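# Inside the fold
One letter stands for each residue in the lines below.
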Amino acid sequence: MSSPAGPVSTPPAAPLSLEDAAAGSAAWPFEEARKLIARIERTGQTDVLFETGYGPSGLPHIGTFGEVARTTMVRRAFETLTGGRVKTRLLAFSDDMDGLRKVPDNVPNREMLAQHLGKPLTRIPDPFNKFESFAHHNNAMLRNFLDRFGFEYEFASSTDYYTSGRFDAALLHMLRNFDAVQKIMLPSLREERAATYSPFLPVHPKTGVVMQVPVDEMNVDAGTIVWRDPDTGERFETPVTGGHCKLQWKPDWAMRWYALKVDYEMAGKDLIDSVKLSGGIVRALGGVAPEGFNYELFLDEKGQKISKSKGNGLTIEEWLTYASPESLSLFMFQKPREAKRLYFDVIPRAVDEYLQFLGGYPRQDWKQRLGNPVWHIHHGEPPAAEALQDASGAGPATSVSFAMLLNLAAVANSEDPAVLWGFLRRYAPSASPQSHPRLDQLVGYAVAYFRDFVRPAKTYRLADDVEHDALTRLDAMLAGLPAGASGEDIQTALYDVARPIARYQDLKAKGATPERPGVSNDWFNMLYQVLLGENRGPRFGSFVALYGVAETRDLIAKALSGDLAKEHEAFLAGRAKTGG
């Protein structure tokens, strides 16, 4: 009898290809792209149109960018799934023929704008005195921003499409289906508004105002509507074509989907009912509603929805003052169906998460890469991460985080990028702004953020007796380090300093024993609060390696003497005196 066979070894599975990984990726852009795959399989079409909308009644804000960024991520995922065999276009559509309902809070010459309420945005003078109209100004800002980010898109103006006749056929078709549109819209309106509602808004031939008036008669054959001026009673017959009328916004949205054959458009959660109504109208016209999903809204620091007209929340320029475009794209990628606060305090975390994702990308297989935000942010070609090699050249290269740079600026109390580069070059003599251009940008962002947010908010506290003793032990440990100790060596020594101190022992930590307890986060929190004036901070061993052992010992001495707290109090007093 033969001996029983041993266990059969299964050969390792071959690594997934990009195509296989994309087909099964759970990343939300790929999930959205698969909706479009199913759509073109039903229709047999050979091109796909993505659309984003923008209401230029106020300055473009980050929410506007977010819609374009997210739509672009879906577009790239779709192109990956289809191998580039299906032509795609992205239309950035500006609703600039809308009448101005109220004057935005964050623009100059508000009194002038108030004189033009109700007129199409393209017929209102530019309060900034730079362009031919208010809409042209805001459209230019949007296009400039999208161009700076390198988005591939086509810009479309509602005014141009209406006045050029491009929408004429669809408008006449809607006039023929007037009753069907009313049947969809009227149940969604209050009784008072429903009594006078019309999907067509004539532009007053004398005042230029977009009129919210009932339609007295329709002449389908002539393509006109008849209405009366509510103030004068004067009767007008207006063509629905050629820019003489525009549509109420829900019918307008549906007409655009129908006329342009839009395949994909996402919208905010506050527009869920509007999407349903517009979808019903486009189906009544004989068209097909686009695919898409509803994203959650951005909130300001008070938890309120950000608004173009209010100017609350962050502007595009404000984010880019303190952080990279890529960090903003990451913020848009992550959890699009969850409401998120969009304010200055989210910036550092977004920057460092981006750097972490970028650093991990080369070590990942295709399945992991397609779930990594940097693949979507960089359209499948993320750059190599920049890191610093210490003077010895022996240890692993160190990534420099935004938090680390903020703390270097904090302990140096410096708003000068050259000071931070001094620390970085001492650690890595071969590094320079020329060899590490993205790190140089990060230094600039960190200095600006430190100046405006970190330094004024710092709060140093004095060490109690236990902390005084612990910091004295830490100073002694640093004094005994060998020259050129690495960040990892210093981090290990930091644990060894805290381990015997009862306040910082953690017996529940993994691998902890009574003889060798773990170290709680309270130890590092104390270092941040007493030495840096912060509640959080970087990996402290790496910080010491960059900042310098001798400099860290000086910092400890100033903390123990109370000088750190006194110097910061003097800074705050001076800032208050000058109104800074």
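Above this note sits the structure.
A few points on the structure.

## Section: the overall build of the protein
Regarding its fold elements, the protein presents 25 helices and 14 strands. The principal-axis extent of the C-alpha atoms belonging to the protein is close to 95 × 95 × 45 Å. Residue pairs at least 24 apart in sequence account for 67% of intrachain contacts in the protein once pairs closer than 6 positions are excluded. Summed over all atoms, the accessible surface of the protein reaches about 27600 Å², with 50% contributed by carbon and sulfur. For the protein, the separation between the mean place of its 65 positive charges and that of its 72 negative charges on side chains is 2 Å.

## Comments concerning helix 17 (residues 402-412)
Burial analysis of helix 17 places 9 of its 11 residues in the buried class, the great majority of the element. Listed in full, the buried residues belonging to helix 17 are Phe402, Met404, Leu405, Leu406, Asn407, Leu408, Ala409, Ala410 and Val411.

## Concerning the environment of Val181
You can see Val181 is positioned in helix 8 (residues 178-185). Overall, the relative accessible area of 0% leaves Val181 in the buried class. C-alpha separation for the pair Val181 and Pro199, spaced 18 residues apart in sequence, amounts to 7.7 Å. Not counting the four nearest positions on each side in its chain, Val181 is found in contact with Met174, Pro199, Pro251 and Ile281.

## Some words on the packing of helix 18 (residues 417-427) against helix 19 (residues 437-457)
Packing of helix 18 against helix 19 brings their axes to within 9 Å, and their N-to-C directions diverge by 130 degrees. Put simply, helix 18 runs oblique to helix 19. Between helix 18 and helix 19 lies a crossing whose hand is right-handed. Every residue of helix 19 that contacts helix 18 at Pro417, Leu420, Trp421 and Leu424 is listed here: Leu439, Asp440, Val443 and Val447. A breakdown of the residues in the contact of helix 18 with helix 19 according to their chemical character gives 7 nonpolar, no polar and 1 charged.

## Structural notes on the sheet that holds strand 5 (residues 217-219)
Spatially, 3 strands are ordered 5-6-7 in an open sheet, and the strand pairing comes out antiparallel. Strand pairing shows two members of the sheet lacking a second neighbour, strand 5 and strand 7 (235-239), which therefore form its edges. Strand after strand, the sheet turns through a mean of 25 degrees between neighbouring axes, direction not considered. Relative to strand 6 (residues 224-228), strand 5 runs antiparallel, the two sharing 3 bridges. Bridging across to strand 6, Glu217 finds its partner in Val226.

Rules used throughout
Residues numbered from 1 in each chain as written. Predicted model: local features only at pLDDT ≥ 70, side-chain atom pairs only at ≥ 80, totals over all residues. Heavy atoms only, no water. Helix = DSSP H or I, 4+ residues; strand = E, 2+ residues; numbered from the N terminus. Contact = heavy atoms within 4.5 Å. Areas by Shrake-Rupley, 256 points an atom, 1.4 Å probe, with all protein chains shown as cover. Lys, Arg positive; Asp, Glu negative; His and termini not counted. Charge placed at Lys NZ, Arg CZ, Asp CG, Glu CD. Buried < 20%, exposed > 50% of the residue type's maximum accessible area, 1.4 Å probe, protein only. Axes fitted to C-alpha atoms, helices over the stretch in contact; angles between N-to-C directions. Parallel < 35°, antiparallel > 145°, perpendicular 65-115°, else oblique. Left-handed = near helix turned anticlockwise from the far one by under 90°. Nonpolar A, V, L, I, M, F, W, Y, C, P; charged D, E, K, R; others polar. Pairing = 2+ DSSP bridges.

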